[in-house]
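In case you want the letters, here they are:
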Amino acid sequence: MDKAVDVGDVRGNGHVAFFVYDATRLASIQGCSLPVSQSIPGRCFAGVPVRMSWALKGDTLTFGDYQAEGSNDQYLINPWRKIG
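Here the residue numbering is sequential within each chain, running from 1 through the sequence in written order. Where local features are concerned, this predicted model is filtered to residues with pLDDT of at least 70; where side-chain atom pairs are given and counted, the filter is 80 or more; whole-chain, interface and lining totals use all residues. Calculation of side-chain values draws on the structure's entire complement of heavy atoms; hydrogens and water are dropped beforehand.

Caption draft 1: Fine view of the state of the cysteines. When the sulfur atoms of two cysteines come within 2.5 Å, that pair is taken as a disulfide. According to the stated counting rule, one finds one disulfide in the structure shown. The partner cysteine of Cys32 in its disulfide is Cys44, sulfur to sulfur 1.9 Å. Looking along the S-S bond of the Cys32-Cys44 disulfide, the torsion reads about 85 degrees, which is the right-handed sense. Of this pair, Cys32 sits in the loop between helix 1 (23–30) and strand 3 (50–57) while Cys44 sits in the loop between helix 1 and strand 3, placing them twelve residues apart in sequence. Per residue, the accessibility class of Cys32 equals that of Cys44, and both read buried. Counting from the N terminus, the helices are the DSSP runs of H or I reaching at least four residues and the strands are the DSSP runs of E reaching at least two. Throughout this description, buried means an accessible area under 20% of the type-specific maximum (1.4 Å probe, protein chains only), exposed means over 50%, and partly exposed covers the range between.

Caption draft 2: Focus on the pairing of strand 4 (residues 60–68). DSSP-based pairing: two strands are paired if at least 2 bridges between them are found. Summarising the sheet, strand 3 and strand 4 pair through seven bridges and their orientation is antiparallel. Bridge pairing in strand 4 links Lys57 to Thr60. Taking the residues that link successive antiparallel strands as the turn, the strand 3-strand 4 hairpin has two residues, and the phi of Gly58 there is positive, at about 65 degrees.

Caption draft 3: Representation of unusual backbone geometry in the model. Backbone torsion omega between Leu34 and Pro35 reads 5 degrees, so that peptide bond is classified as cis. Not every positive phi belongs to a glycine, and Asp65 is a case in point at roughly 50 degrees. Mapped onto the secondary structure, Asp65 falls in strand 4. Overall, the relative accessible area of 46% leaves Asp65 in the partly exposed class.

Caption draft 4: Main features of the packing of aromatic side chains. The rule is short: rings of Phe, Tyr and Trp, with Trp giving its six-membered ring, pair when the centres are within 6.5 Å, and they are stacked under 30 degrees, edge-to-face over 60, tilted in between. Inspection of every chain in the model, using the stated rule, returns two aromatic pairs. With 5.6 Å between their ring centres and 70 degrees between their planes, Phe19 and Phe63 make a pair best called edge-to-face. In this pair, Phe19 is assigned in strand 2 (residues 16–21) and Phe63 in strand 4, connecting sequence segments 44 residues apart. An angle of 40 degrees between the planes, with centres 4.8 Å apart, marks the rings of Tyr21 and Phe45 as tilted.

Caption draft 5: Local environment of the environment of Phe19. Considering only alpha carbons, one finds Phe19 and Asp6, 13 residues apart in sequence, at a separation of 9.6 Å. Dropping the residues within four chain positions of it, Phe19 is found in contact with Asp9, Val10, Val48, Pro49, Val50, Met52 and Phe63. Any two residues having at least one pair of non-hydrogen atoms within 4.5 Å are treated as being in contact.

Caption draft 6: Layout of the pairing of strand 1 (residues 8–13). Burial of strand 1 is sparse: only zero of the six residues sit out of reach of the surface. Here six bridges tie strand 1 to strand 2, and the two strands are oriented antiparallel to one another. Counterpart to Gly8 in the pairing with strand 2 is Tyr21. Remark: two residues form the turn of the hairpin made by strand 1 and strand 2, two consecutive strands paired antiparallel; Gly14 in that turn has positive phi of roughly 55 degrees.

Printed below as a string of structure tokens:
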């Protein structure tokens, strides 16, 4: 079974979504250790809040305009499919 790599809450308004990282929840799901560390094996990573725009066309959800405070990571996300 795959383990979660990022856990938190999604908040937003209009066509903007904010992904808020929660290391404590990640630790309980994944089994990584706290406090967070980018360099110590077995520790949960230190996530950052992420802001993205979103668009829904039919049943396809697409994210864009990725912005993460203090990070130059890039999110390469395929379109998501709406279920339910």
